[in-house]
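So the chains spell out like this:
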Amino acid sequence: MIFPVNGVAAANQPPTRQQAGEHPAPTYRITIDGEDISRRIRPRLINLTITDNRGFEADTVDLTLDDSDGKLALPRKGATMQVWLGWRGEPMVNKGTYTIDELEHSGAPDQLSIRGKAADLRGSLNKSREQSYHSQTLGDILTAIAARNGVTLTANPEWAGELLPHTDQQNESDAAFLSRLAKDFDAIATIKQGTLLFVKAGLGQSASGKLLPPVTITRQDGDSHRFAIADRDAYTGVVAYWQDNNGGKKQTVEVNASEQGKNDNSEKDDLLAGSGDNVKTLRHVYATKANAVRAARAEWDKLQRGVAKFSITLAKGRPELFPELPTCVQGFKPQIDALPWILTQVTHSLSDSGYTNGLELEVKSTELLRI
């Protein structure tokens, strides 16, 4: 048990909007190892922050409590914390399950900070492995990784039959190996609620390939914002190499981004996505031409998505927001409003000051040419 109690904690039942006097008020529910501690910590809450990331950058929770009376006990490391957020009179949204991995007690005044990372990104996923995959499809490899980590698999169907002639997992954890595969496919790889997801980055699609419903953010929703656009010609291309084992030497081809790979058979010194004025060279030498083509195009798409970035703080938090949701913004400059955006990070912050969101966005992949 984490905190001294007088009796059993009742379930957190927020009042209706009418009972709250029509004034919106945030609410939350927190359980530790299945026990609801919401009511006991409510008068002690200083700050609750949840950061929802894309990919294998683990989602995090940070809970800071007032311990000026010295009555809080330290929870055990490794305990499971589950958090729901919302507004009174409305259904709360499950914001995930976390494993407590850090505790801090400071003062004066005395405070207890409890921090955790997404429970799905711990355990066997971070164990180093040595394994080779030969003439297997991406679907086969993902299925094997999901099975040995005890999770289910959901991936874009278009990639299931993609053949990888040879790839090695050399002293890499499954998390690191999946991140490398995701980079080669310009994908998002992560584990959420017991499911391994492998989805195309920046398209606003679910793992099944269906379009996610867009959300709208207006200037009136925000306290502050920042838009930045970089020179899209900072890198004009991407160079990659592949090893021809038959010829015993490193071979190269050139792919021009505007031609979408129609000249894959041309003999050049480089595999080039983009143009050749100021190129980025991928250090890895790929086992096949197809792997090198895929990696160069994926890196080029990633570079293009980073051309424009947008961030905004919402005065009223929206618990339903999560990374990869397509987003429309309104009330800013016409060039900003015209771009379809994708959420890349969502931070939920709840304190005495209210419940706010910090949002990070990038341009949707299919709209890069509009910048």
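These numbers were taken from a predicted model, which means no experiment stands behind them.

Visitor: I'm lost on the overall build of the chain in this one. Help?
Guide: When helices and strands are tallied, the chain shows 5 helices and 22 strands. For the chain, the proportion of its 371 residues judged to be buried stands at 45%. Once local pairs closer than 6 in sequence are excluded, the contacts in the chain between residues at least 24 apart make up 66%. Per element, the accessible surface of the chain, about 18100 Å² overall, is 48% carbon and sulfur.

Visitor: Looking at this model, I keep getting lost on the nonpolar core. Mind explaining?
Guide: Among soluble globular proteins, nonpolar side chains are generally buried collectively. By size, the foremost hydrophobic cluster in this structure holds 23 residues, and its most contacted members are Ile30, Leu48, Leu63, Met81, Val83 and Leu85. Of all the secondary structure elements, the ones that give two or more residues to this core are strand S1 (26-32), strand S3 (45-53), strand S4 (60-66), strand S5 (80-87), strand S6 (93-106) and strand S7 (111-118). Counting residues in each nonpolar core, the second largest holds 22 residues, with Ile145, Trp159, Phe177 and Ala187 among its members.

Visitor: What am I meant to see in the packing of aromatic side chains here?
Guide: By convention here, two paired aromatic rings are described through the distance between centres and the angle between planes. Throughout the structure, instances matching the rule amount to 6 aromatic pairs. Here Phe310 and Phe332 contribute two aromatic rings whose centre-to-centre distance is 5.1 Å and whose plane-to-plane angle is 75 degrees, an arrangement assigned as edge-to-face. A residue pair is termed long-range when its members are at least 10 positions apart, and Phe310 in strand S19 (residues 308-314) and Phe332 in the loop between strand S20 (326-330) and helix H5 (334-337) qualify at 22 residues. Given the relative accessible area of 1%, Phe310 is considered buried. Over the ring of Trp84 we find Arg29; its NZ or CZ atom is 4.6 Å from the centre of that ring.

Visitor: How do you make sense of the environment of Gln330 when you look at a structure like this?
Guide: Here Gln330 lies in strand S20. For Gln330, a relative accessible area of 41% gives the class partly exposed. In the structure, Gln330 is positioned 109 residues away from Asp221 in sequence and 9.8 Å away in space, judged by C-alpha atoms. In this structure Gln330 touches Thr216, Ile217, Thr218, Arg219 and Asp337, once residues within four positions along its chain are discounted.

Visitor: Can you walk me through the confidence of the model for the chain in this structure?
Guide: Low-pLDDT stretches of the model should not have their predicted coordinates read in fine detail. When pLDDT is averaged along the chain, the result is 79; 76% of the residues meet or exceed 70. Looking across the chain, the model is least confident in strand S17 (residues 271-274), with a mean pLDDT of 48, and most confident in S4, with 96. Counted against residues more than four places away or in other chains, residues 1-20, with its pLDDT under 50, gives 37 contacts. In this model, residues 367-371 is a region of pLDDT below 50 whose contacts with residues beyond four sequence positions or in other chains number 16 contacts.

Visitor: Honestly, the pairing of S7 in this entry has me stumped. Any pointers?
Guide: Regular strands place their side chains on alternate faces of the sheet. Within S7, 6 of the 8 residues are buried, which leaves the element mostly enclosed by the surrounding structure. In this sheet, S7 lies alongside S6 in antiparallel orientation, the contact comprising 8 bridges. Bridging from a neighbouring strand, His105 pairs with Leu112 of S7. The turn linking S6 back onto S7 is made up of 4 residues.

Visitor: Help me out: how do you make sense of the sheet that holds strand S12 (residues 195-200) in this one?
Guide: By definition, the strands of a sheet pair up through backbone hydrogen bonds, in either a parallel or an antiparallel sense. In space, the 3 strands of this open sheet follow the order S9-S12-S11, with mixed pairing throughout. Pairing within the sheet leaves two strands with one partner each, and these edge strands are strand S9 (152-155) and strand S11 (187-192). Sheet twist, expressed as the mean angle between neighbouring strand axes with direction ignored, is 15 degrees. Alignment of S9 against S12, held across 4 bridges, turns out to be parallel. Bridging from a neighbouring strand, Thr154 pairs with Leu197 of S12. Strands S9 and S12 of the sheet are contacted by helix H2 (residues 138-148), whose axis makes an angle of about 150 degrees with S9.

Visitor: Just checking my understanding: could you explain the pattern of salt bridges for this structure?
Guide: Pairing is possible between side chains of opposite charge, provided their charged atoms come close. Considering all chains together, one arrives at 14 salt bridges under this definition. Note that Arg54 is salt-bridged to Glu324, the shortest N-O span being 2.2 Å. Within this pair, whereas Arg54 is found in the loop between S3 and S4, its partner Glu324 is found in the loop between S19 and S20, the two being separated by 270 residues in sequence. On the basis of relative accessible area, Arg54 is assigned to the buried category, the value being 19%. What makes Glu324 buried here is its relative accessible area of 6%. Put simply, Asp174 and Arg129 hold a salt bridge, and the shortest N to O gap is 3.3 Å. Taken together, the positions of Asp174 in helix H3 (residues 174-185) and Arg129 in strand S8 (residues 128-137) put the pair 45 residues apart, joining distant regions of the chain. The exposure class assigned to Asp174 is buried, which follows from its relative accessible area of 0%. Among the charged side chains, a salt-bridge network with shared partners connects Asp62, Glu102, Glu104 and Arg115.

Visitor: In this structure, what is going on with the side chain of Thr327? I would like to understand it.
Guide: Relative to the helices and strands, Thr327 resides in strand S20. Of note is the side chain of Thr327, whose polar atom sits 3.2 Å from the backbone oxygen of Leu325. Thr327 has contacts with Val215, Ile217, Pro340, Trp341, Leu343 and Leu361, leaving out every residue within four places of it along the chain.

The rules we used
Residues numbered from 1 in each chain as written. Predicted model: local features only at pLDDT ≥ 70, side-chain atom pairs only at ≥ 80, totals over all residues. Heavy atoms only, no water. Helix = DSSP H or I, 4+ residues; strand = E, 2+ residues; numbered from the N terminus. Buried < 20%, exposed > 50% of the residue type's maximum accessible area, 1.4 Å probe, protein only. Contact = heavy atoms within 4.5 Å. Areas by Shrake-Rupley, 256 points an atom, 1.4 Å probe, with all protein chains shown as cover. Core = buried A, V, L, I, M, F, W, Y, C linked by side-chain atoms within 4.5 Å. Phe/Tyr/Trp six-rings, centres within 6.5 Å; stacked < 30°, edge-to-face > 60°. Lys NZ or Arg CZ within 6 Å of the ring centre and 35° of its normal. pLDDT = per-residue confidence, 0-100. Pairing = 2+ DSSP bridges. Axes fitted to C-alpha atoms, helices over the stretch in contact; angles between N-to-C directions. Salt bridge = Lys/Arg side-chain N within 4 Å of Asp/Glu carboxyl O. Polar contact = N/O pair within 3.5 Å; in protein donor to acceptor, adjacent residues only side chain to side chain.

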